[in-house]
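Remarks on the overall topology
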Amino acid sequence: TLSADFSFRTFRATSAIAQATAPRARIAVMPGTEPVLKRTIYTAKNKQTLPGDVVRAEGAAATGDAAVDEAYDGLGATYDLFFKEFNRNSIDDAGMPLHATVHYGKDYDNAFWNGSQMVFGDGDQTLFKRFTASLDVIGHELTHGVTEVEAALAYQGQSGALNESMSDVFGSLVKQYKLGQSADQADWLIGADLFAEPGPTRLALRSMKAPGTAYDDPVLGKDPQPAHMKDYVHTVEDNGGVHINSGIPNKAFYLAASAIGGNAWDDAGRIWYEALLDARLKPNATFKQFAKLTQASADKLHGADSTQSKAVTQAWKDVGVL
Ligand code: ASN
Ligand code: ZN
């Protein structure tokens, strides 16, 4: 099921980067700085040894292997959003090379960030196809690296759900940016292209616009995501429901971005990004603490009386966090 395979699978976020990189001791991208995009795609040849064999290095032509080429292009699109819109030079903001392995394991129904690189399974071809098929999923996994560097949000309970939400927010923004969609044009779905047999009861893995409605059928069960604090799910599974309760901050981002209007990466994305970089954001942060940092960042960027600040506050109130 989805819970056994995707949603609830837990990977202990190792802290290779956190150890190798002093948090926030970043080399800021100066205006006019050249981007440093260095991608390497590997194949695990359906085994589980990482990283596997190099199949496409930076600058090499497309291979014809969809998983390889989607990973290469998806890392590029994610790098582009962070560089062009947020002045961020890769995961560590210091030009860190991007490594991704595809064809990981056999019938592997998931994708993950292992603390050093991204990893994508082929899916079992019955429930899921390859996990590179949705650009937002590639953006989701790379964003786990950014979050680890900037805030090291502990992968448990509310801080873990914030970690997950950050990945959904920027993963969705990567797709919107690539497609040139405004907030009202976007589908706000995560993983809409992963199902082997999609349909009205299998829209995606998650919906940021309407958490809890991404799927509902006999095989998958019902999408368990809440959209409001009154429905917060207390569970020991999934590290305290990190992929479940992320519906609440996801919906807050959707509401804020939609109220502000235009391209979600311009204002709402920038506000969330600055909150993620705020030194006051601690590894065990709660939803409410993060909400206050987005208010602070909206006030700083746009002024306390701005439509942006008001939209951010209203969004968090609407999901019961403030
Ligand atoms: N695909 C999942 C995710 O990136 C794997 C995990 O639970 N870490 O969130
Ligand atoms: Zn995740």
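Rules of the game
- Residues numbered from 1 in each chain as written.
- Chains lettered and ligands numbered in written order.
- Predicted model: local features only at pLDDT ≥ 70, side-chain atom pairs only at ≥ 80, totals over all residues.
- Heavy atoms only, no water.
- Helix = DSSP H or I, 4+ residues; strand = E, 2+ residues; numbered from the N terminus.
- Buried < 20%, exposed > 50% of the residue type's maximum accessible area, 1.4 Å probe, protein only.
- Contact = heavy atoms within 4.5 Å.
- Areas by Shrake-Rupley, 256 points an atom, 1.4 Å probe, with all protein chains shown as cover.
- Pairing = 2+ DSSP bridges.
- pLDDT = per-residue confidence, 0-100.
- Polar contact = N/O pair within 3.5 Å; in protein donor to acceptor, adjacent residues only side chain to side chain.
- Phe/Tyr/Trp six-rings, centres within 6.5 Å; stacked < 30°, edge-to-face > 60°.
- Donors = N, O, S within 2.8 Å, 3.2 Å for Na, K, Ca; no water.
- Axes fitted to C-alpha atoms, helices over the stretch in contact; angles between N-to-C directions.

Looking only at helices and strands, the chain features 10 helices and nine strands. Per-residue burial for the chain yields a buried fraction of 55% across its 322 residues. Nonlocal contacts in the chain, meaning residues at least 24 apart in sequence, comprise 61% of its contacts between residues at least 6 apart. Put simply, the chain shows about 12700 Å² of open surface, and 52% of that area lies on carbon and sulfur atoms.

What follows is about the pairing of strand β5 (residues 118-121). Regular strands have side chains that alternate between both faces of the sheet. Burial of the side chains of β5 extends over both faces: M118 and F120 are buried on one face and V119 and G121 on the other. Bridge analysis of strand β3 (residues 98-104) against β5 gives three bridges, and the strand direction is parallel. Paired with Y104 across the bridge in β5 is G121. Direction of pairing for strand β4 (residues 111-113) relative to β5: antiparallel, over a ladder of three bridges. Paired with A111 across the bridge in β5 is F120.

What follows concerns the confidence of the model for the chain. In low-pLDDT regions, the fine details of the predicted coordinates are not to be read closely. Here the chain averages 92 in pLDDT, while 90% of its residues score no lower than 70. The spread of mean pLDDT over the elements of the chain runs between helix α1 (residues 2-7), the lowest at 39, and helix α7 (residues 247-260), the highest at 99. Throughout residues 1-25 the model reports pLDDT below 50, and contacts reaching past four residues in sequence, or to other chains, amount to 58 contacts.

The next subject is the side chain of R202. Within the element layout of this structure, R202 appears in the loop between β6 (189-190) and β7 (206-207). Of the polar contacts made by the side chain of R202, one reaches the side chain of D217; its length is 2.5 Å. Ignoring sequence-local partners within four residues, the contact set of R202 consists of L127, F195, E197, A214, Y215, D217, V219 and L220.

The final tally for this structure, using the stated rule, is 20 aromatic pairs. Here the aromatic rings of Y104 and Y108 are separated by 5.0 Å at their centres, their planes lie at 85°, and the arrangement is edge-to-face. We note that Y104, like Y108, is buried. Ring pairing ties together the aromatic residues W188, F253, Y254, W272, F290 and W316, which thus form one cluster.

Note the cis peptide between L50 and P51, where omega equals 5°. Within the fold, P51 resides in the loop between β1 (39-43) and β2 (53-57). For N87, which is not a glycine, the phi torsion comes out positive at approximately 60°. In this structure, N87 sits in the loop between α3 (66-86) and β3. Positive phi, close to 45°, is recorded for A152, a residue that is not glycine. Tracing the chain through its elements places A152 in the loop between α4 (135-150) and α5 (157-179).

The subject of this paragraph is the coordination of the zinc ion (ligand 2). For a metal with four tetrahedral donors the ideal donor-metal-donor angle is 109.5 degrees, while six octahedral donors give ideal angles of 90 or 180 degrees. Only H140 (NE2), H144 (NE2) and E164 (OE) from the protein reach the zinc ion (ligand 2) as donors, at distances of 2.0 Å. The sequence pattern describing where the donors of the zinc ion (ligand 2) fall on their chain is H-x3-H-x19-E. A residue pair is termed long-range when its members are at least 10 positions apart, and H144 in helix α4 and E164 in helix α5 qualify at 20 residues. On the basis of relative accessibility, which here comes to 1%, the residue E164 falls in the buried class.

The subject of this paragraph is the sheet that holds β2. Strand order in the open sheet formed by five strands is β2-β1-β3-β5-β4, with mixed pairing between adjacent strands. The open sheet has two edge strands, β2 and β4, and neither has a second partner. On average, each strand axis in the sheet is tilted by 20° relative to the strand beside it, whichever way the strands run. The sheet strands contacting α4 are β3, β4 and β5, and the helix crosses β4 at an angle near 20°.

A word on the pairing of β3. Most of β3 sits inside the fold, with six of its seven residues counted as buried. Across five bridges, the pairing between β1 and β3 is parallel. Within β3, the residue paired with R39 across the bridge is L98.

This paragraph deals with the environment of P249. Assignment of secondary structure puts P249 in helix α7. Spatially, the C-alpha atoms of P249 and A161 are 8.0 Å apart, while their sequence positions differ by 88 residues. Other than its neighbours up to four places away in sequence, P249 contacts A161, L162, S165, F287 and W316.

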